[in-house]
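Structure assessment
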Amino acid sequence: MEEFLPRRLLRNGHLQTLVGNFLPRQYVLPEPEAHIIQVEAGEADAAYGDARTSDSRAVDRLEQARTDARTRGASHVLCHCHWQANASERPTVLLVHGLEGSTRSQYMLGNSARAWAAGCNVIRMNMRNCGGTEDLSPTLYHSGLSGDVATVMRTLAAEKGLRAFALIGYSMGGNLVLKLAGELGAGTPPYLKAVVGVSPVMDLAVSADALHKVSNRVYEWKFLIGLRRRFRRKAELFPAIYSTVGLERIGSLRQFDDQITARYSGFQGADDYYDRASSSHGAAQIAVPAMILHALDDPFIRMLPSTRAALLANPRVRLIETAHGGHCAFLAPAVGYDGYWAEKMLLDFLLSVTKP
């Protein structure tokens, strides 16, 4: 494992985080196929398979999914997929974004381009409501929906005959994939070969509280602006379910999760949600090769000592903590490669353990 050394002038966690998020990049990827996948049934079960963006059937299935969300209560997610010519014989990387991200997030595209160039199939998954898909599900998205990742993986494995999956999750997405790995434990399906979490939010409560610190308010405001906008859109689409009364008075992520996420997702409150959705509870049960990248100067992700101890005690898990790197950034000097250290390291790890 190559040691992480921060890029010149980027030894500060905030600078790493901000530059890593806004630094312009170029990607080489073929046009994706769009797949609409049902992740939660409504009143009657329905199945949606391959749906190409350029195929008229995709429009039909998209409209059907919207109708099912309104009339049956079914939930769907939209995935963007890039298939190699001999897809069933290649490793498949499934990427999951973070809070208020989408398949177009910079790290999603950066990892996708790198994995595609290495000969992997690539699946970029939008969580429920993300990437402009609020009308495909009557429910909200949250950190506990690890079953959605399992359903996407299971559905596409069956449709394409895929035999080797690797899951990559960033931030909230990292919590989802690690939570799934812990839940599967010894019952992990044979096609799941590896899991990676980059800056994963494994301990939700302490991280939400850290986000509310004065030094981190700019990040919290950014998240809240997006969350409020998305919730207003959900209320417009499903007025019988959601109310925006009091929305503008919410001033922290914890308040949003207490008054919105928990209220409409079956939790007793923010504390109940944070406890039940944190992947730290399953750290000891992860049974596939796993890599976790965490920067000690991450502005708002906190890892409890008990979580760190459980990860270190699990022989299947490789926990890599760096002094620098910020949140989901890890920008190194661009010497010999583009300097996106986390992307390079995780792909090397995945290719070493993932064989169809």
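Residues numbered from 1 in each chain as written. Predicted model: local features only at pLDDT ≥ 70, side-chain atom pairs only at ≥ 80, totals over all residues. Heavy atoms only, no water.

**So, the overall build of the protein**
- When its secondary structure is counted, the protein shows 11 helices and 8 strands.
- A compact globule built from 356 residues would reach a C-alpha radius of gyration of about 21 Å, and the protein, at 19 Å, matches this within 12%.
- For the protein, the C-alpha atoms occupy an extent of roughly 55 × 50 × 40 Å along the three principal directions.
- Out of the 356 residues in the protein, the part that is buried amounts to 60%.
- Long-range pairs, those at least 24 residues apart, make up 78% of the contacts in the protein between residues at least 6 apart in sequence. (Helix = DSSP H or I, 4+ residues; strand = E, 2+ residues; numbered from the N terminus. Rg over C-alpha atoms; globule rule 2.2 N^0.38 Å. Buried < 20%, exposed > 50% of the residue type's maximum accessible area, 1.4 Å probe, protein only. Contact = heavy atoms within 4.5 Å.)

**Quick look at the pattern of salt bridges**
- On inspection of all chains with the given rule, the structure shows 21 salt bridges.
- Of the charged contacts in the structure, one is a salt bridge between Glu 2 and Lys 344, with a shortest N-O distance of 3.7 Å. Of this pair, Glu 2 sits in the segment before α1 (13-22) while Lys 344 sits in helix α11 (residues 341-353), and the two are 342 residues apart along the sequence.
- The partly exposed category is assigned to Glu 2, whose relative accessible area is 35%.
- Residue Lys 344 is classed as partly exposed on the basis of its relative accessible area of 23%.
- One salt bridge in this structure joins Arg 217 and Glu 220, with 2.2 Å as the shortest N-O distance. Here Arg 217 pairs with Glu 220, and both are found in helix α7 (residues 217-237), just 3 residues apart, close to one helical turn. (Salt bridge = Lys/Arg side-chain N within 4 Å of Asp/Glu carboxyl O.)

**Considering the sheet that holds strand β8 (residues 317-322)**
- One open sheet holds the 8 strands; their spatial order is β1-β2-β4-β3-β5-β6-β7-β8, and the pairing between them is mixed. A single partner strand is all that each edge strand has here, and the edge strands are β1 (33-40) and β8. Each strand of the sheet is rotated relative to its neighbour by a mean of 20 degrees, with strand direction disregarded.
- Where strand β2 (residues 75-82) lies against strand β4 (residues 121-125), 4 bridges are found, and the strand directions are antiparallel. In the sheet register, Cys 79 faces β4, and the bridge partner there is Met 125.
- Its contacts with the sheet put helix α10 (residues 305-313) on β7 (290-295) and β8, and the angle it makes with β8 is roughly 130 degrees.
- Its contacts with the sheet place α11 against β3 (92-96), β5 (165-170), β6 (192-198), β7 and β8, and it is angled at close to 165 degrees to β6. (Pairing = 2+ DSSP bridges. Axes fitted to C-alpha atoms, helices over the stretch in contact; angles between N-to-C directions.)

**Side note on the packing of aromatic side chains**
- Per the stated rule, a full pass over the model turns up 12 aromatic pairs.
- Pairing Tyr 219 with Phe 300 gives two aromatic rings, centres 5.3 Å apart and planes at 50 degrees, and the pair type is tilted. A residue pair is termed long-range when its members are at least 10 positions apart, and Tyr 219 in helix α7 and Phe 300 in the loop between β7 and α10 qualify at 81 residues. Just as Tyr 219 is buried, Phe 300 falls in that class too. (Phe/Tyr/Trp six-rings, centres within 6.5 Å; stacked < 30°, edge-to-face > 60°.)

**Overview of the packing of helix α6 (residues 204-211) against helix α9 (residues 270-277)**
- It is at 8 Å that the axes of α6 and α9 come closest, and there the two elements cross at 125 degrees. What the angle tells us is that α6 and α9 run oblique. On α9, the residues touching Leu 204, Ala 205 and Ala 208 of α6 are Tyr 273, Tyr 274 and Ala 277.
- Of the residues assigned to the contact of α6 with α9, the class counts are 6 nonpolar, no polar and no charged. (Parallel < 35°, antiparallel > 145°, perpendicular 65-115°, else oblique. Nonpolar A, V, L, I, M, F, W, Y, C, P; charged D, E, K, R; others polar.)

**Some details on the pairing of β4**
- Counted residue by residue, β4 has 5 buried out of 5 residues, so it is predominantly covered.
- Across the two faces of β4 the burial is the same, with Asn 121, Ile 123 and Met 125 and Val 122 and Arg 124 all buried.
- Alignment of β3 against β4, held across 5 bridges, turns out to be parallel. Within β4, the position partnered with Val 96 by the bridge is Met 125.
- Each parallel crossover has a hand, and the one from β3 via helix α3 (residues 106-117) to β4 is right-handed. (Right-handed = clockwise from strand over helix to strand, strands pointing away.)

**Brief notes about the confidence of the model for the protein**
- Looking at the protein as a whole, its pLDDT mean stands at 94, while 95% of the residues score no less than 70.
- Of the regions scoring below 50 in pLDDT, residues 45-56 engages in 35 contacts with residues more than four places distant in sequence or in other chains. (pLDDT = per-residue confidence, 0-100.)

**Focus on the state of the cysteines**
- One pass over the structure, following the stated rule, counts 0 disulfides.
- Cys 130 provides the cysteine sulfur closest to Cys 328, a residue in no disulfide bond, and the two sulfurs are 15 Å apart.
- By relative accessible area, Cys 328 is classed as buried at 16%. (Disulfide = S-S within 2.5 Å.)

**Comments concerning the packing of helix α8 (residues 253-265) against α9**
- Relative to each other, α8 and α9 sit at 90 degrees, their axes nearing to 8 Å. Overall, the two elements α8 and α9 adopt an arrangement that is roughly perpendicular. Residues Leu 253, Arg 254, Asp 257, Asp 258, Thr 261 and Ala 262 of α8 form the contact with α9, whose own contacting residues are Ala 270, Asp 271, Tyr 273 and Tyr 274.
- In the contact of α8 with α9, the residues fall into 5 nonpolar, 1 polar and 4 charged.

**Topic: the nonpolar core**
- One finds Leu 94, Val 149, Val 152, Phe 165 and Leu 167 to be the most contacted residues of the largest nonpolar core, which totals 71 residues.
- If sequence neighbours within four positions are ignored, Val 149 has contacts with Leu 94, Val 96, Met 125, Leu 167, Leu 176, Val 177 and Leu 180.
- Counting 29 residues, the second largest nonpolar core, distinct from the first, contains Phe 4, Met 108, Ala 194 and Leu 350. (Core = buried A, V, L, I, M, F, W, Y, C linked by side-chain atoms within 4.5 Å.)

**Observations regarding α8**
- Counted at 1.5 Å a residue, the expected span for α8 with its 13 residues is 18 Å, but the 16 Å between its end C-alpha atoms falls short.
- For α8, the complete set of buried residues consists of Leu 253, Phe 256, Asp 257, Ile 260, Thr 261, Ala 262 and Tyr 264.
- The secondary structure elements touched by the buried residues of α8 are α6, α7 and α9. (Expected span 1.5 Å × (residues − 1).)

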